[in-house]
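Coordinate inspection notes
Listed below are the residues making up each chain.
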Amino acid sequence: FRQAAALCERVLRRNPLEPEAVHLMGLALLGMRDLEGGRTWLSRAASLLPGPEVLTDLAEALSECGDLEGAVQCCRHALDLDPGHAEAHYEMGMALHRQKKSAMAIASLREAVRLQPGVDEFRIDLARVLIGAGNYKEAREKLDSMLGKKSVLRDVLAVYGIACHYEGDFGRGIEYLGEAA
């Protein structure tokens, strides 16, 4: 991330309004866990190039900084520009979840999964939110197809085990949690 930030600095010295360099600088700062710096640069990028990708990245930064309502508004703006932008649906769902708006969060996350069913992070987080809302069976159904994937197996097994436990199938819950450990 430091190399990306250094490259951006060089480009921005020549052209301080280069929208892609401003955007990348925000992402690099987020990657270095400079949340306020990332938010500032991504806000600038959104004013220069207000596309769904930039707005969704800004929403993530706002969410990380605790501005959940701002994150939801950025995602809504991104979705006004591109209703099929799965990342915006995902980020909005996660911000709504953190606001304890479960039904709206689940709807947004379901749409993200529908638009990009192959993104494991979307499925796993949807399952987590479903568990939090008491929809254990549906959470397990969302994870069934992922049980064979080695890249996410530990997360899937853990969330699946929690869903089994809450459904009252304690033996299977313990079995899946044990496999995840």
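Now for a quick tour of the structure.

Quick notes on the rules
- Residues numbered from 1 in each chain as written.
- Predicted model: local features only at pLDDT ≥ 70, side-chain atom pairs only at ≥ 80, totals over all residues.
- Heavy atoms only, no water.
- Helix = DSSP H or I, 4+ residues; strand = E, 2+ residues; numbered from the N terminus.
- Buried < 20%, exposed > 50% of the residue type's maximum accessible area, 1.4 Å probe, protein only.
- Contact = heavy atoms within 4.5 Å.
- Axes fitted to C-alpha atoms, helices over the stretch in contact; angles between N-to-C directions.
- Parallel < 35°, antiparallel > 145°, perpendicular 65-115°, else oblique.
- Left-handed = near helix turned anticlockwise from the far one by under 90°.
- Nonpolar A, V, L, I, M, F, W, Y, C, P; charged D, E, K, R; others polar.
- Phe/Tyr/Trp six-rings, centres within 6.5 Å; stacked < 30°, edge-to-face > 60°.
- Lys NZ or Arg CZ within 6 Å of the ring centre and 35° of its normal.
- Expected span 1.5 Å × (residues − 1).
- 1 Å grid on protein atoms, 1.4 Å probe; cavity = no way out; pocket = protein on both sides within 12 Å on 5 of 7 lines; lining within 4 Å.
- Points joined across faces, edges and corners; volume = space filled by probe spheres on them.

Comments concerning the overall build of the chain
What the chain contains, in helices and strands, is 11 helices and 0 strands. Starting at the N terminus and walking to the C terminus, you meet the elements of the chain as α-α-α-α-α-α-α-α-α-α-α. For the chain, the C-alpha atoms occupy an extent of roughly 65 × 30 × 25 Å along the three principal directions. Classification of the 181 residues of the chain by burial places 43% in the buried group. Taking all contacts inside the chain whose residues are at least 6 apart in sequence as the whole, residues at least 24 apart take part in 42%.

Some details on the environment of Tyr90
Note that Tyr90 resides in helix α6 (residues 86-98). Beyond its immediate chain neighbours, meaning those up to four positions away, Tyr90 contacts Leu109, Ala112, Glu121, Phe122 and Asp125.

Concerning the packing of helix α5 (residues 68-81) against α6
The contact between α5 and α6 brings their axes to 9 Å, and the two run at 155°. If you check the angle between α5 and α6, you find them roughly antiparallel. In the packing of α5 onto α6, the handedness of the crossing is left-handed. Contacts between α5 and α6 involve Leu68, Ala71, Val72, Cys75, Arg76, Ala78 and Leu79 from the first element and Ala88, His89, Glu91, Met92, Ala95, Leu96 and Arg98 from the second. Here the residues of the contact of α5 with α6 sort into 10 nonpolar, 1 polar and 3 charged.

Section: the packing of aromatic side chains
The final tally for this structure, using the stated rule, is 1 aromatic pair. Measuring from ring centre to ring centre gives 4.7 Å for Tyr90 and Phe122, while their planes differ by 20°; the resulting arrangement is stacked. With Tyr90 in helix α6 and Phe122 in helix α8 (residues 120-132), this pair connects stretches of sequence that are 32 residues apart. The exposure class of Tyr90 is buried, given its relative accessible area of 5%. Above the plane of the ring of Trp41 lies Arg44, whose end atom (NZ or CZ) is 4.4 Å from the centre.

Here we look at the environment of Leu7
Structurally, Leu7 can be placed in helix α1 (residues 2-14). Separated by 14 residues in the primary sequence, Leu7 and Ala21 place their C-alpha atoms 8.4 Å from one another.

Observations regarding helix α3 (residues 35-48)
With 14 residues, α3 extends 20 Å between its outermost C-alpha atoms, agreeing within 8% with the 20 Å of an ideal straight helix rising 1.5 Å per residue. At its buried positions, α3 is contacted by α2 (19-31) and α4 (52-64).

Quick look at the layout of surface pockets
Its boundaries defined by the atoms lining it, the largest pocket holds a volume of some 150 Å³. Glu60, Ser63, Glu64, Glu87, Tyr90, Glu91, Met94, Arg98 and Glu121 together form the lining of the largest pocket. Counting residues per element, the ones that place at least two in the lining of the largest pocket are α4 and α6. A breakdown of the residues in the lining of the largest pocket according to their chemical character gives 2 nonpolar, 1 polar and 6 charged.

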